[in-house]
Amino acid sequence: MSFNEFRKDYLLDRWVVIATERGRRPTDFAKQERQQSKAGVCPLCPGNEHMTPPAVLVYLQSGKRMKKDKDTNDHRHKNWLIRVIPNLYPAFSPPKDKISKKQIVKTENLFLAVGHHEVLVESPAHDDHPANTSIPQLVHVLNAYVDRLRELSKKPYVQYVSIFRNHGLEAGASLSHAHSQIITTPRVPGIVKEEVAASKKFWKQNRKCVFCDIIEKERNGPRFILENPKFVVFAPYASINPMEFWIFPKKHEPSLLEMSPSEVKPLAETMKTCFRSLKTLVNDPPYNFGFHLAINKEAAAYYHWHLEVYPRLAIWAGFEKSTGAYINTITPETAAESLRTDVNKSQ
Ligand SMILES: [Zn+2]
Ligand SMILES: [Zn+2]
Ligand SMILES: [Zn+2]
């Protein structure tokens, strides 16, 4: 008698049943109907700048050079390449005046939701997407992530900066215009906190970065997807989502702030290649992605930033919701094989 495997994440105490026995193929998911968001006036399209709060950052083309600026209350820049605006309905909002830690931390289990919640408009073109945009435009997006991360991580009440993207209605993108979001939190959220703690423990015992170790193992294994001089992509051993993949810089860096200028274009190329393959293989699936990074100096030795991509192909129901354990019907080895083959075809 043979069994499925019950696998544990590299660092988290998170378990997933990998359906090695009657596993499915990526093509099984390609025929699903995708929900479309309702058409209407798009507040993120050029010409509708007045429908949003003033931008905190805009990238403007000025001749051959790129200029950075912001909007003021009565002036909204036009002809932008990138636009970052405060979310109209923020989950976390900035303090009006100086605020102390004591004012934010009410009790052990009550913090005020102090922080920032921003929408980063990735392109003037409504339907742009990491899979089909131009590399220069994707480079602007990544540079804008770094600009906001730099500015926001300096604020004393910011303990974490989450940079993420929702694609498709089923993945929570209520606006279909190409955009990412940035949320800062007054404490480090659970998954990242656990990763940081586990990597710290590993570093104390082994004097090396656990992520550098994982990269070294995965780049020679069955879950390997892509490698170039700067980045490695693989499907994680205990993927909880079908077709999940993670992108890591090969150089040890705790956050995007330490990324050198020579890595930005390769990251854009790596992302474009992977997202194009995902789109081709499973019919433009809804997905979420999020960067994991550490902004506190202490974690610099042992934390290693990465981008985690979660395609939304399974419905998490009673078992997942009530236990925090998962069932994944596409093995990461199968996912990696398909992605690897497609990535090679397009290169
Ligand atoms: Zn639009
Ligand atoms: Zn590392
Ligand atoms: Zn992570």
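Residues numbered from 1 in each chain as written. Chains lettered and ligands numbered in written order. Predicted model: local features only at pLDDT ≥ 70, side-chain atom pairs only at ≥ 80, totals over all residues. Heavy atoms only, no water.

Novice: Pulling in residues and values, what's your account of unusual backbone geometry?
Specialist: We note that Asn79 has phi near 55 degrees; this positive angle belongs to a residue other than glycine. With respect to the secondary-structure elements, Asn79 resides in the loop between strand E4 (65-69) and strand E5 (80-86). Given a relative accessible area of 70%, Asn79 falls into the exposed group. With a phi angle near 45 degrees, Asp284 is a residue other than glycine that sits in the positive phi range. One can find Asp284 in the loop between helix H5 (261-281) and strand E14 (287-292). For Asp284, a relative accessible area of 29% corresponds to the partly exposed category. (Helix = DSSP H or I, 4+ residues; strand = E, 2+ residues; numbered from the N terminus. Buried < 20%, exposed > 50% of the residue type's maximum accessible area, 1.4 Å probe, protein only.)

Novice: Give me the lowdown on H5, citing residues and values where you can.
Specialist: The end-to-end C-alpha separation of H5 is 31 Å, in line with the 30 Å expected for 21 residues at 1.5 Å each. Looking at the residues trailing H5, positive phi occurs at Asn283, about 55 degrees. (Expected span 1.5 Å × (residues − 1).)

Novice: Break down the pattern of salt bridges for me, with residues and values.
Specialist: Evaluated as defined, the whole model comprises 22 salt bridges. In this structure, Arg83 and Asp71 form a salt bridge, with 3.0 Å as the shortest nitrogen-oxygen distance. Taken together, the residues Arg83 in strand E5 and Asp71 in the loop between E4 and E5 connect sequence positions twelve residues apart. For the pair shown, Arg83 and Asp71 are each scored as buried. (Salt bridge = Lys/Arg side-chain N within 4 Å of Asp/Glu carboxyl O.)

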